[in-house]
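# Structure assessment
One-letter residues, chain by chain:
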2 protein chains.
Amino acid sequence: MARSDTRYREAFNRLLDYCGALPVGAALPAETALSDAAGVSRTVIRRCLARLQELGLISWDGREKHLLRAPAPADRIALPEHGGSSEDLEKRFLSWILRFDVPANTPLSVAELSRSFDVPQHELKEFLAGLSRFGLVGRRKQGGWMLRGFTREFAIELSDFRSVLELNAVAHAAEAPIDHPIWDQLDALRTRHLALKQRIDTDYHEFSKLDESFHMAINGVVSNRFVAEFQKVISLIFHYHYMWDKTLEKTRNAAAIEEHLAIIDALEARDGNAAVEAARRHLKTSKSTLLSSLRHHDLG
Amino acid sequence: MARSDTRYREAFNRLLDYCGALPVGAALPAETALSDAAGVSRTVIRRCLARLQELGLISWDGREKHLLRAPAPADRIALPEHGGSSEDLEKRFLSWILRFDVPANTPLSVAELSRSFDVPQHELKEFLAGLSRFGLVGRRKQGGWMLRGFTREFAIELSDFRSVLELNAVAHAAEAPIDHPIWDQLDALRTRHLALKQRIDTDYHEFSKLDESFHMAINGVVSNRFVAEFQKVISLIFHYHYMWDKTLEKTRNAAAIEEHLAIIDALEARDGNAAVEAARRHLKTSKSTLLSSLRHHDLG
DNA sequence: GTTTTGTTTGAAATTATAAAAAACACTTGA
DNA sequence: TCAAGTGTTTTTTATAATTTCAAACAAAAC
């Protein structure tokens, strides 16, 4: 019942490496210097030094610290291996919801999620608290959390919000200076779109990735932390929903390619109004696709 | 080290009330029914029943539960009083930051905040995790949290984001059907604006409230959970910043009244484009006011 | 007088645990 | 016999205890 001492263990091994680069008999620098170098507090450094002394690696008396022998591999302490599991928790969580089509109003068990995602409970709670800001999850009166989920309402509001952000981005893109990276990106995107259009009959499933690239490029023009935060969630949701709804996928993607190209054309012509109009059409299609994919799911 | 038994205590008192409404000798309903009625689990109900039995209030054997005497005030158990302190944590936290002008990159001590806001630590942590979604706070590598704060960058991005949302709201308002409540609201707002304009020389400080009402009405047209969530934060921030910057407050507010009236005029004329343009002008003023208020603060 | 170490204090992360919820397995009486 | 209720067990949640760590402070050494 306490916090892990991973910090100490890692620092110790790093210190061992540091000693390895020193000749036997050399003096070690001050504790403050060591703590700065290792990026930990002096408390940890002193714990490490104590262990080094115990192992007979150094002599330590006051500010006299000398290396007695070269460190051996056996001196290292094992790290409680933990594959940075809580790294992309967000991605994994959303994937889980969307992939397994977890229905709205499902109670979420922190204990269970904690196990299946291999993440400490308190981390999960903080994560859920963050998601609750997006209205995706909420607290229950009896305690615990529940998935508010992808109701029709949610999808509509999400789509609308996305539209607002993206139309703004398109308008900004149209005004971007000539040396802005967006123009090169658009050029490359046009090529990719045209290429895929040629082989749409066979490779239509490749569109999903292209779609993501396209929207990311457009939204990248607006450098705004709030927009960026939302974009992450939005793109994931749309991405997965597209993966589901296999009805008419080929037709749908072919149409979307045309819509994208229309936006690119208008942008490259620096015709802001036309670009925004084209984007509006595309986002409208996108929204109805999302909604119909939900409908199919509800029925299935 | 355990969770509090407030739930049990509250349930017990509620059960006491329930018994008070019953004649002596009456039978009590099934545990399941009681738990449903009280909104707690059967476990809690059984604990309550056990206590009722101990106090000689009821006889309890299997499914035979009978009221033996009317409950007295002394039978109640005390609640560990806690003035719903964690209610408006968000408001209080933002107020604290803005009022005391907590600088950017200040380390936030959860322990300290927990004490000063009188809120359990874990609640604060969840709260901060939520705020981190807005980029207002972030984690430190050494552990703990820190206030990213109201840097110039933050203010700019916030203003821009606000503009995007609000311009969208204005555009929607212009399209609102004739029976939409916004029209009555705008009418009332126009009257209030004109009234304040008359006595601006003396009552100019009243504008802040009027400003909030105005923007809330406009944004209310768009019913979107994401917009609403942001609106809360945005309005608070702008509200407090206006309170600070006393330079030219009268002139500033007088000008803002005109800008608001221009928006109202255009909306009531159902001229969407004019309304959006008027709003754009107003938001631009608003942004530069916010930025200059930051500048003053930096220098002070 | 500045740098370094020894010591104390307070906070953060993590776990242990009581309270509550939910699931399960029996009774009981129509 | 079977639905509704109770007794019991298992699981989960909320919270505080505990350990590790960070940082402030004070004494000492160069």
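Anyway, here's the lowdown on the structure attached to this text. (Residues numbered from 1 in each chain as written. Chains lettered and ligands numbered in written order. Predicted model: local features only at pLDDT ≥ 70, side-chain atom pairs only at ≥ 80, totals over all residues. Heavy atoms only, no water.)

### Concerning the protein's contact with DNA strand C
The condition that has to hold: Note on terminology: near, applied to a residue and a molecule or strand, indicates that one of the residue's heavy atoms is within 4 Å of it. We define a polar contact as two N or O atoms separated by no more than 3.5 Å, with the added condition that, inside protein, one atom must be a possible hydrogen donor and the other a possible acceptor, whereas residues neighbouring each other in sequence contribute only through side-chain atom pairs. Only DSSP runs of H or I covering at least 4 residues are called helices, and only runs of E covering at least 2 are called strands; the numbering of each starts at the N terminus. Nonpolar residues are Ala, Val, Leu, Ile, Met, Phe, Trp, Tyr, Cys and Pro. Charged residues are Asp, Glu, Lys and Arg, and all others, Gly as well, are polar.
Near DNA strand C you find 39 residues, and of these Arg46(A), Lys65(A), Ala2(B), Arg7(B) and Thr43(B) are the closest. When atoms of DNA strand C within 4 Å of the protein are sorted by moiety, sugar and phosphate together comprise 70%. Residue Glu31(A) places a main-chain N or O atom 2.7 Å away from a phosphate oxygen belonging to DNA strand C. In the model, a phosphate oxygen of DNA strand C is placed 3.5 Å from a nitrogen or oxygen of the Arg140(A) side chain. Of all elements in the fold, only helix H2 (31-38) and helix H3 (42-54) of chain A together with helix H1 (6-20), helix H3 (42-54) and helix H5 (110-117) of chain B reach the threshold of two or more residues within the surface near DNA strand C. Ranked by the residues each element gives to the surface near DNA strand C, the list is headed by H3(B), at 4 residues. Considering only residue class, the surface near DNA strand C consists of 11 nonpolar, 12 polar and 16 charged.

### Section: the interface of chain B and chain A
Rule in force here: We call two residues in contact when some of their heavy atoms are within 4.5 Å. Note: buried area is the sum, over both parts, of the accessible area (probe 1.4 Å) each one loses when the two are combined. Salt bridges are defined as contacts in which a side-chain nitrogen from Lys or Arg sits within 4 Å of a carboxyl oxygen from Asp or Glu.
In this complex, chain B contributes 32 residues to the contact, which on the side of chain A involves 33 residues. Summing the contributions of chain B and of chain A, the shared interface buries around 2900 Å²; its carbon and sulfur component is 55%. Among the residues of chain B in contact with chain A, Arg133(B), Arg225(B) and Phe226(B) are the three that bury the most area, contributing 31% of the side total. Counting the contacts that link chain B with chain A gives 8 salt bridges. Between Glu90(B) and Arg133(A) there is a salt bridge, with its nearest N and O atoms 2.8 Å apart. On inspection of chain B and its partner chain A, the count reaches 10 residue pairs in polar contact (both at pLDDT 80 or more). Mapped onto the side of chain B that touches chain A, the elements with two or more residues apiece are helix H6 (121-132), helix H7 (152-174) and helix H11 (225-244) of chain B. Residue contributions to the side of chain B that touches chain A peak at 9 residues, all from H7(B).

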